[in-house]
Amino acid sequence: MIKTIEWVDGVVRMIDQTRLPTEKVFVDCRTIEEVSLAIKTMIIRGAPAIGVAAAMGVSLGAEEILAEDFAGFYSQLEKKCAELARSRPTAVNLAWGIARMKRVASDNKDLALPDLKKRLRRESQTICDEDIAANQAMGAFGQTLIADGNNVLTHCNAGALATAGFGTALGVIRASVNAGKKISVLANETRPFLQGARLTVWELMEDNIPVKLITDSMAGHFMQKKQVDVVVVGADRIAANGDVANKIGTYMVAILAKNHNIPFYVAAPISTLDLSLASGEEIPIEERSADEVTTINNKRMAPEGAMVAHPAFDITPHQLVTAIITDKGIALPPFTETLKKLAG
Ligand code: MRU
């Protein structure tokens, strides 16, 4: 599997997810500003991958700082981090990755600045490694919910490309396959940015996991025809009550699943929990450029001047969620209690 993001000779190398699946092109980021731009433009996307990119970006930012002492260093670092934090609003992993790096900086304020910079570089690699381990743990827990022969529907891309590797929702699918279960996947194309069609289908085909691409509007039909046994999706942020922010269209899938008595599982690491928010109502929803809706592959689909709305995420109320699969275990309702317990 191609690496989503890694350190290569002091630069942060990412696969350009805007060009997949037709081209495998890598982008090198040398500054925190370049990482921020890569996040904004979706070269790298998916909540956990954004968290890892943020941590590596902070390390690049730290590297550039010229300061006499820790106080001078930290005040410049804070400014850079504040700018990076504005890249995208919904995935909490961005703020989480930045906060962890800032904490490591202040916990090591007694180090000489060159050593502190090295310490930050190491921490960003640790965050990357921990993400893969968390996805494997999630897979191990999650695969217990998937039966041999299941048809699994997923939305967007919550795979290796959305993480440092293995994936969250697709990690559960990979772990099920690795456990010897025969699994087939229905992948919603996920308009408008087509993460399902471009990324999920590509990833699963690379791994020889049977996958069929459908348009988002076909999900209900296949549920009605009893061709979906279970839904597994990722998350960008989960509030304390279990409300889930994920790619636009997830809510619709959850409603359909409820109507057909199909389990609706959310797979996300603990770093995607935001227990400071009581409910999903408080989660900021990103509004992206109208061009993503009016065009497909730079080809205009709508009349010039058409008015457009483009919320990139929606909130699935916790009542529609059967269970939340985390790297620390599976949370069942009531989520307010179970998530708090798992988060420690
Ligand atoms: O806009 P994106 O592509 O960053 O949105 C990604 C999603 O909504 C994913 O489902 C979510 O981040 C979970 S990724 C493991």
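Residues numbered from 1 in each chain as written. Predicted model: local features only at pLDDT ≥ 70, side-chain atom pairs only at ≥ 80, totals over all residues. Heavy atoms only, no water.

Strand β5 (residues 184-188) sits mainly inside the fold: four of its five residues count as buried. Here strand β4 (residues 151-154) pairs with β5 via four bridges, running parallel. Counterpart to V152 in the pairing with β5 is V185. After leaving β4, the chain enters helix α6 (residues 169-178) and then returns to the sheet as β5, a path that is right-handed. Assessed by its sense of winding, the connection that carries the chain from β5 through helix α7 (residues 195-206) to strand β6 (residues 211-214) is right-handed. (Buried < 20%, exposed > 50% of the residue type's maximum accessible area, 1.4 Å probe, protein only. Helix = DSSP H or I, 4+ residues; strand = E, 2+ residues; numbered from the N terminus. Pairing = 2+ DSSP bridges. Right-handed = clockwise from strand over helix to strand, strands pointing away.)

Here we take up helix α1 (residues 32-40). For α1, the set of buried residues is I32, V35, S36, A38 and I39. Buried positions in α1, seen along its axis, are confined to an arc of 160° and lie on one side of it. As for α1, its buried residues are in contact with β2 (11-15), β3 (26-29), α2 (47-64), α3 (70-85) and α4 (92-107). (Arc of directions from axis to C-beta. Contact = heavy atoms within 4.5 Å.)

Another aspect to go through is the domain arrangement of the protein chain. Domain assignment breaks the protein chain into domain 1 (5-136) and domain 2 (139-343). Here domain 1 and domain 2 have C-alpha centroids that lie 25 Å from each other. Facing the 28 residues of domain 1 at the interface are 35 residues of domain 2. Between domain 1 and domain 2 the total buried area reaches about 2,600 Å² when both faces are included, carbon and sulfur atoms providing 56% of it. Sorting the residues of domain 1 by area buried against domain 2 places R45, T90 and N135 first, and these three jointly supply 24% of that buried surface. Linking domain 1 to domain 2 there are one salt bridge. Between E286 and R88 there is a salt bridge, with the nearest N and O atoms lying 2.8 Å from each other. (Domains from an automatic or database assignment. Buried area = accessible area lost by both parts, 1.4 Å probe. Salt bridge = Lys/Arg side-chain N within 4 Å of Asp/Glu carboxyl O.)

So, on to unusual backbone geometry. Of note, the bond from L20 into P21 is cis; its omega dihedral lies within 30 degrees of zero at 5°. On the secondary structure map, P21 appears in the loop between β2 and β3. Cis geometry marks the peptide bond from R191 to P192; its omega dihedral reads 5°. Turning to its location among the elements, P192 is positioned in the loop between β5 and α7.

Moving on: the sheet that holds strand β1 (residues 5-8). Within the open sheet, the three strands sit side by side as β1-β2-β3. Their pairing is antiparallel. Each having just a single partner strand, β1 and β3 make up the two edges of the open sheet. Sheet twist, expressed as the mean angle between neighbouring strand axes with direction ignored, is 30°. As defined by bridge partners, β2 adjoins β3 across four bridges and the pair is classed as antiparallel. Each bridged residue has a counterpart across the sheet, and for V12 the counterpart in β3 is C29. Of the strands in this sheet, β2 and β3 are in contact with α1, which crosses β3 at around 140°. (Axes fitted to C-alpha atoms, helices over the stretch in contact; angles between N-to-C directions.)

The next thing to look at is the site of the ligand. Near the ligand you find 19 residues, and of these R45, R88, D236, N246 and K247 are the closest. In this structure, an oxygen atom belonging to the ligand sits 2.9 Å away from a main-chain N or O atom of G46. Separating an oxygen atom of the ligand from a side-chain N or O atom of K247 is a distance of 2.7 Å. Bound to the protein, the ligand loses 100% of the 410 Å² it would expose on its own. Among the secondary structure elements, those contributing two or more residues to the shell around the ligand are α2 and β9 (244-247). Looking at the shell around the ligand, its residues break down into eight nonpolar, seven polar and four charged. Shared between two domains, the shell around the ligand takes at least three residues from each, and those domains are domain 1 (5-136) and domain 2 (139-343). (Near = heavy atom within 4 Å. Polar contact = N/O pair within 3.5 Å; in protein donor to acceptor, adjacent residues only side chain to side chain. Areas by Shrake-Rupley, 256 points an atom, 1.4 Å probe, with all protein chains shown as cover. Nonpolar A, V, L, I, M, F, W, Y, C, P; charged D, E, K, R; others polar.)

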